[in-house]
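# Survey of secondary and tertiary structure
If you want the building blocks of each chain, they are given just below.
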Amino acid sequence: MTTLAAPPAPQGVPSTSAALDTRAARVDAAVRTSAVAALWLSLLVVTYWWVAGGGVQDLAGWETGLLSSGRLVGLVGSDLLLAQVLLMARLPWLERAFGQDRLARLHRVVGFVSFDLVLAHVGLIVWGYAAGDLLATPATAWDLTVDYPGMLLALAGLVCLVMVVVTSVRAARSRLRHESWHLLHLYAYLGVGLALPHQLWTGQELLASTAATVYWWSAWAAAAGAVLVWRVALPLWRSWRLDLRVTSVVAEGDAAVSVYLTGRLDRLRVEAGQFLLWRFLTGPGWSRAHPYSLSAAPDGRSLRLTVKALGDGSAAVASLRPGTRVLVEGPFGRLTARARTRRGVLLVGSGVGITPLRALAEGLDQAPGDVVVLHRYAREPLLGAELAVLARERGLRLVGLPGPRRAPGSWLGDGVPPVDDTTALLRLVPDVAERDVFVCGPDGWSDSVLASLCAAGAHPDHVHLETFRW
Ligand SMILES: Cc1cc2nc3c(=O)[nH]c(=O)nc-3n(C[C@H](O)[C@H](O)[C@H](O)COP(=O)(O)OP(=O)(O)OC[C@H]3O[C@@H](n4cnc5c(N)ncnc54)[C@H](O)[C@@H]3O)c2cc1C
């Protein structure tokens with residue numbers, strides 16, 4: 001049974017630097033604030049142009065009111081559509097400040113909101129053109145589509161967006177293979193692109209002033225340019241420069257293998273705890289990029305990732321041959337020393353989610369007792385022997401949480417005494433509220449950990465999360 005008493009801090013090598021350098025964390029916080037402010041400012045600006053164009057006065061009449069509110073939701077919806085393209089464009093400043101996990105969650109929320117606004121825009125505009133007569137809307141919709149410039153393309157764009165949104169609703173997404181869902185999701189770019197011409201040819205607010213025209217053209221160009229540069233050109237260029245190859249594949253137990261790679265690693269700026277998107281050039285699998293975290297702190301000579309077989313892509317990793325060429329995108333992720341602002345650190349990992357935390361535990365500057373690791377596993381502790389060595393040599397405190405989950409909704413194993421999760425956490429790590437906490441594991445499990453952390457007094461700004469599912 002796991003003992004819940006917090007043991008005394010173990011002995012180990014002393015810390016190499018007493019004061020923490022928190023400049024990077026402060027820069028990231030400033031980027032987060034600026035990004036949120038920029039989004040609100042852009043919404044304010046487009047609303048201002050609507051007001052300046054007589055939008056408020058138009059609300060006085062029924063027909064003009066429908067058209068005016070349709071224009072407003074269309075403007076706000078377009079702005080948010082572009083914002084969410086930028087959110088997933090892998091912009092390095094946003095990646096570092098928010099982390100992929102948070103960006104993906106934001107992208108999901110902004111995506112659904114912008115889609116709802118686009119639908120409202122279509123409905124209100126058609127209704128307004130039908131002079132407020134609901135029965136006349138089908139015929140009006142037809143006339144608008146065939147008579148107005150860019151409308152047919154906009155309709156095709158809307159169909160793409162509908163397909164993307166429908167397949168992203170959780171119930172539908174869980175029925176699709178990840179690759180199929182991802183391929184369909186790329187149609188969102190087509191959807192957003194096809195909507196552009198009708199805005200430029202018929203959008204009243206877009207052409208109302210030089211400032212408005214410059215704003216919209218710049219926003220569209222920035223979104224398209226960011227995707228082309230950071231999602232296409234840079235990964236290709238970086239992969240070519242790095243010349244990464246598999247050197248060996250080693251079995252780790254519990255259906256996991258570690259892959260060692262080498263290449264021109266002096267050209268890769270990557271931190272312990274980060275992940276990359278990997279394409280192993282072994283035949284048909286090359287078209288699928290899989291995210292895997294580094295499981296050892298990078299040393300400039302080799303990289304290591306540890307992969308558990310959960311499906312055909314991850315199972316194929318075990319049969320990689322030495323010399324296999326590898327393309328990468330990244331690095332990404334905020335489970336790094338960069339996010340740390342406190343000496344005390346708690347790492348909470350479950351199953352294969354321990355991999356980035358194992359690398360982080362190795363890479364962190366620490367004195368004995370600074371770092372506590374709560375390692376949750378069902379049967380075998382993945383990389384358990386390596387963590388035990390780190391505990392011995394670096395003085396981190398390692399607590400195993402083995403066994404099946406003790407109750408639905410609990411993140412602890414059945415070896416833990418029968419107290420509630422928060423009490424157990426506080427007994428294991430009494431000073432949890434004073435630590436930076438890094439959590440990595442499956443979706444539902446991570447939610448339970450977050451709930452306990454929150455109840456135990458950990459501040460959300462000091463909790464850094466990565467789930468292994470987007
Ligand atoms: C940020 C991040 C870091 C990860 N790090 C590791 C790691 O270090 N070690 C490890 O073993 N696993 C890691 N994973 C999980 C790993 O990416 C998936 O298990 C793997 O991609 C499954 O592919 P598959 O074809 O074997 O399985 P499938 O049967 O296709 O899918 C199994 C599960 O993995 C999800 N998945 C599949 N492909 C992807 C993808 N390209 N992106 C995101 N999710 C996907 C599916 O939605 C499904 O839930 C990580 C995932 C994320 C998001």
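What counts and what doesn't
Residues numbered from 1 in each chain as written. Predicted model: local features only at pLDDT ≥ 70, side-chain atom pairs only at ≥ 80, totals over all residues. Heavy atoms only, no water. UniProt positions renumbered as here; feature names shortened; annotations may be inferred. Domains from an automatic or database assignment. Helix = DSSP H or I, 4+ residues; strand = E, 2+ residues; numbered from the N terminus. Buried < 20%, exposed > 50% of the residue type's maximum accessible area, 1.4 Å probe, protein only. Contact = heavy atoms within 4.5 Å. Expected span 1.5 Å × (residues − 1). Pairing = 2+ DSSP bridges. Axes fitted to C-alpha atoms, helices over the stretch in contact; angles between N-to-C directions. Phe/Tyr/Trp six-rings, centres within 6.5 Å; stacked < 30°, edge-to-face > 60°. Lys NZ or Arg CZ within 6 Å of the ring centre and 35° of its normal.

- As recorded in an unreviewed UniProt entry, the chain goes by the name Ferredoxin reductase family protein, listed as coming from Nocardioides kribbensis.
- UniProt, in its Subcellular location (unreviewed entry) section for the chain, records the words "Membrane".

## Looking at the domain arrangement of the chain
- On domain assignment, one finds that the chain holds domain 1 (23–234), domain 2 (243–332) and domain 3 (340–467).
- For domain 1 versus domain 3, the separation of C-alpha centres amounts to 40 Å.

## What to know about the environment of glycine 132
- The topology assignment puts glycine 132 in the loop between helix H5 (100–129) and helix H6 (137–147).
- Judged by relative accessible area, glycine 132 falls into the buried class, the value being 18%.
- The sequence separation of glycine 132 and glutamate 63 amounts to 69 residues, and the corresponding C-alpha distance is 5.4 Å.
- For glycine 132, the contacting residues outside a window of four places in its chain are Trp62, Leu66 and Trp127.

## Section: helix H1 (residues 23–52)
- With 30 residues, H1 should reach 44 Å at 1.5 Å per residue; the first-to-last C-alpha distance of 42 Å fits that figure.
- Residues of H1 that are buried: Ala25, Asp28, Arg32, Ser42, Leu43, Val46, Trp49 and Trp50.
- For H1, the secondary structure elements touched by its buried residues are helix H2 (55–58), helix H3 (62–87), helix H4 (92–98), H5 and helix H11 (210–242).
- Just beyond H1, the residue with positive phi is glycine 54, at close to 85 degrees.

## Comments concerning the sheet that holds strand E6 (residues 325–332)
- An order of E4-E3-E6-E1-E2-E5 is seen for the six strands of this open sheet, with the pairing classed as antiparallel. In this open sheet, the two edge strands, each paired with only one partner strand, are strand E4 (290–293) and strand E5 (303–308). Neighbour-to-neighbour, the strand axes of the sheet open up by a mean angle of 40 degrees, direction not taken into account.
- Across four bridges, the pairing between strand E3 (residues 275–280) and E4 is antiparallel. Paired with leucine 276 across the bridge in E4 is tyrosine 292.

## Regarding the packing of aromatic side chains
- Evaluation of the coordinates by the stated rule reveals six aromatic pairs.
- Here tyrosine 215 and tryptophan 216 contribute two aromatic rings whose centre-to-centre distance is 5.3 Å and whose plane-to-plane angle is 85 degrees, an arrangement assigned as edge-to-face.
- Through pairs of rings, three or more aromatic residues link up here, namely Trp49, Tyr215 and Trp216.
- Over the ring of tryptophan 181 we find arginine 173, and its NZ or CZ is 3.7 Å from the ring centre.

## Some words on the UniProt feature "transmembrane region" (unreviewed entry) in the chain
- As annotated in UniProt, the feature "transmembrane region" (unreviewed entry) corresponds to residues 29–51, 71–89, 109–130, 150–172, 184–202 and 214–234 in the numbering used here.
- Measuring from the first to the last C-alpha atom of residues 150–172 gives 31 Å, for a span that is 91% helix and 0% strand.
- The distance separating the terminal C-alpha atoms of residues 184–202 is 29 Å; by composition the span is 95% helix and 0% strand.

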